[in-house]
Amino acid sequence: MKNAVKLIITVCLCLNITVFAQTEENTYLNIDYLKVESEDYTEFEKLIEDEWKEIYAREHSSEKMIGWYFYRVIYPGGQGGEYNYVIITTYKDPNTLVQVSDALGKQVMENHKGLLKRTQKLMTHQFSELWKTEAGIYNGKDKKLSEFVLMNYMMVNPGKEAEYLTLENDMARPIHEARIEEGKMHSWRTYSLLQPGGLNYTYNFATADHFTEMNHIEFGFTNELIKSVMPGTNINEMFDAIYATRDIVKSETWQLIVAL
């Protein structure tokens, strides 16, 4: 198996990736998971688009906040339906996250108490997570944001973190690049979970596969694609190497509603 992994890495490092740009590593994400009742979907989405977006835009213009994204969870990863909306804010570092959070809180309490009350009637904040970007690529020719994202939550085995990231960077990346080049994928990210954590938390890494069209989600790591990108690779050994590092805890699909 070690020889197979070495072969995969060697082949991948030799591929031409000049068409693609690498995402900024060490970017931090705050993800808020929200629950809204079905009869309130329309009102809640309108509230976020028409009023909350403007509030976040003021902090975004300060350059402390890199981006802001509001998603509807169209295919939840669990049957319980714990949340159905997600808001992601991205930052250069955790310090700017705290600064922006404090500024938003002050702005809302001083000028938008009524908006806060209306929002709290429509949604329940379930929990928040802090993530760090470990790797990623996007098509430098496509400046539009992707409408759909497939979120894969992973539990990486203890002591396998470095090996897992190596496989993502040196094996998965070229395959995703081929998918992007074929027009069947928009971009890709790998994240590590910083907070919360502990033995009771069921995942510690995630990948985000971005698509411009919903039907592109079904085109994954096919044997034909792997052979075209990495000829001579033993596919069974390749997947054995992957499965030895992690388990996919859940996968779910999000649809972008609005972003900054």
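It should be emphasised that the depicted structure is a prediction, and the values quoted were computed from it without experimental measurement.

## Thoughts on the nonpolar core
Move 1: One finds F44, I48, W52, W68, F70 and Y85 to be the most contacted residues of the largest nonpolar core, which totals 25 residues.
Move 2: Contributing elements (two or more residues each) for this core: β2 (28–36), α2 (41–60), β3 (65–75), β4 (85–91), α3 (94–111), α4 (113–122), β5 (123–139) and β9 (246–259).
Move 3: Top contributing element to this core by residue count: α2, with 6 residues.
Move 4: Membership of the second largest hydrophobic core comes to 22 residues, among which are I88, F127, A208 and W254.

## Brief notes about the pairing of β3
Move 1: Relative to β4, β3 is paired through 7 bridges, and the arrangement is antiparallel. From the neighbouring strand, Y69 faces β4, where its bridge partner is I88.
Move 2: As defined by bridge partners, β3 adjoins β9 across 6 bridges and the pair is classed as antiparallel. Its bridge partner lying in β9, V73 is registered against W254.

## A few points about the packing of aromatic side chains
Move 1: By the definition in use, this model includes 16 aromatic pairs.
Move 2: An angle of 20° between the planes, with centres 4.4 Å apart, marks the rings of Y33 and F127 as stacked. A residue pair is termed long-range when its members are at least 10 positions apart, and Y33 in strand β2 and F127 in strand β5 qualify at 94 residues.
Move 3: Taking relative accessible area as the criterion, F127 reaches 19% and is therefore assigned buried.
Move 4: Between the aromatic rings of F44 and F70, the centroid separation amounts to 5.8 Å while the plane-to-plane angle is 75°, which identifies the pairing as edge-to-face. Remark: F70 occurs in strand β3 and F44 occurs in helix α2; sequence separation between them is 26 residues.

Reading guide: rules and limits
- Numbering of residues starts from 1 in every chain and runs along the sequence as written.
- Totals for whole chains, interfaces and linings use every residue, but because this is a predicted model, local features are given only for residues with pLDDT of at least 70 and side-chain atom pairs only at 80 or more, for both listing and counting.
- Values reported for side chains reflect all heavy atoms of the structure, with hydrogen atoms and water molecules removed beforehand.
- Grouping buried Ala, Val, Leu, Ile, Met, Phe, Trp, Tyr and Cys residues that are joined through side-chain atoms within 4.5 Å yields what is termed a nonpolar core.
- When a residue's accessible area, from a 1.4 Å probe over protein chains only, is under 20% of the maximum for its type it is buried; when over 50% it is exposed; and in between it is partly exposed.
- Numbering of helices and strands runs from the N terminus; a helix is a DSSP stretch of H or I covering at least four residues, while a strand is a stretch of E covering at least two.
- For two strands to be treated as a pair, DSSP must find no fewer than two bridges joining them.
- Only centres within 6.5 Å qualify two rings of Phe, Tyr or Trp (six-membered ring in Trp) as a pair; their planes then separate them into stacked at under 30 degrees, edge-to-face at over 60, and tilted for everything else.

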